[in-house]
Amino acid sequence: WRELATIFSERGHLAFFDAAYPGFASGDIDTDLESVRLFAEREIPLIFVSTYGKSFGLYSERVGILSVLAPSEQVGKNIEAHLRLLARAESGAPPDFGSTIVETVLSDEALRAQWREELRHMANRLKSRRIALREALEKLETPGNWAHITEQNGMFSYVGLSVEQVTLLREKYHVYLQDSGRISIAGLNDFNTEYTASSISAVVKATASH
């Protein structure tokens, strides 16, 4: 990130950060956003967007944040004026239920600490599910290297299956992945991980010679 920051600074680039679920990688939101803070400290022009849908469990509320690092107060006011116009054109009177929840939690020291702890717990749960899936696949001697499952972070994992394998997994075992092979780690639990692993293993073995 430091090397990227240097390049952005030297070449006058605008950085755009899209943080889908900060805190879900390491369990600590500050650690996951170190790169954004580094760019901001070096005064590199940046736009930062993040959704609270995942970290606050507010999917249906569609609430998030858009922040712009401005070089001066006047430029900041100009940017804000334009963003207000864009927001007005997009939605004249958006609901504020979700944003009120987020504001309430982040404005209260005790609630904010509780939220951070729960976020850390969620991140650890996701890591444990990754470990369980990988270990189950390896125990079944599934062809291939499955280390990438625990090397990745977050709610989803690209397990490396082909479209053919994903289709077979859906039609024969009713385990649903995207055509890209992306699986929802958040959808795994103590009751379905073994079945998911055995289904993936069976599909990989059945198509190993293709």
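For the structure itself, look to the data block above.
These figures come from a predicted structure and were not determined experimentally. (Residues numbered from 1 in each chain as written. Predicted model: local features only at pLDDT ≥ 70, side-chain atom pairs only at ≥ 80, totals over all residues. Heavy atoms only, no water.)

Our focus in this paragraph is the packing of aromatic side chains. Throughout the structure, instances matching the rule amount to seven aromatic pairs. Judged by centre distance (5.1 Å) and plane angle (85 degrees), the rings of F17 and F39 are edge-to-face. Taken together, the residues span a long stretch of sequence, with F17 in strand β1 (residues 15-19) and F39 in helix α3 (residues 34-41) at a distance of 22 residues. Residue classification places F17 among the buried residues on the basis of a relative accessible area of 10%. F39 sits in the buried class, given a relative accessible area of 1%. Considering the side-chain rings of Y21 and F24, the 5.6 Å spacing of their centres and the 45 degrees angle between planes classify their relative orientation as tilted. The rings of W1, F8, F17 and F39 are connected pair by pair, giving a single aromatic cluster. Of note, R182 hangs over the ring of F156, and the distance from its end group to the ring centre comes to 3.9 Å. (Phe/Tyr/Trp six-rings, centres within 6.5 Å; stacked < 30°, edge-to-face > 60°. Helix = DSSP H or I, 4+ residues; strand = E, 2+ residues; numbered from the N terminus. Buried < 20%, exposed > 50% of the residue type's maximum accessible area, 1.4 Å probe, protein only. Lys NZ or Arg CZ within 6 Å of the ring centre and 35° of its normal.)

A word on the pattern of salt bridges. Following the criterion strictly, the structure yields nine salt bridges and no others. The salt bridge involving D30 is made with R37; its shortest N-O contact spans 3.5 Å. The partner of R170 in a salt bridge is D179, and the shortest N-O contact between them spans 2.8 Å. (Salt bridge = Lys/Arg side-chain N within 4 Å of Asp/Glu carboxyl O.)

Moving on: the nonpolar core. If you look at the biggest cluster of nonpolar residues, it comprises 42 residues, and the most contacted ones within it are W146, L161, L169 and L177. Broken down by secondary-structure element, the contributors of at least two residues to this core are β1, α3, β2 (46-51), α5 (97-107), α6 (109-139), α8 (163-173) and α9 (193-206). Looking at this core element by element, the count peaks at six residues for α6. When near neighbours in sequence (up to four residues on either side) are disregarded, L169 contacts L161, H174, V175, L177, S199, I200 and V203. (Core = buried A, V, L, I, M, F, W, Y, C linked by side-chain atoms within 4.5 Å. Contact = heavy atoms within 4.5 Å.)

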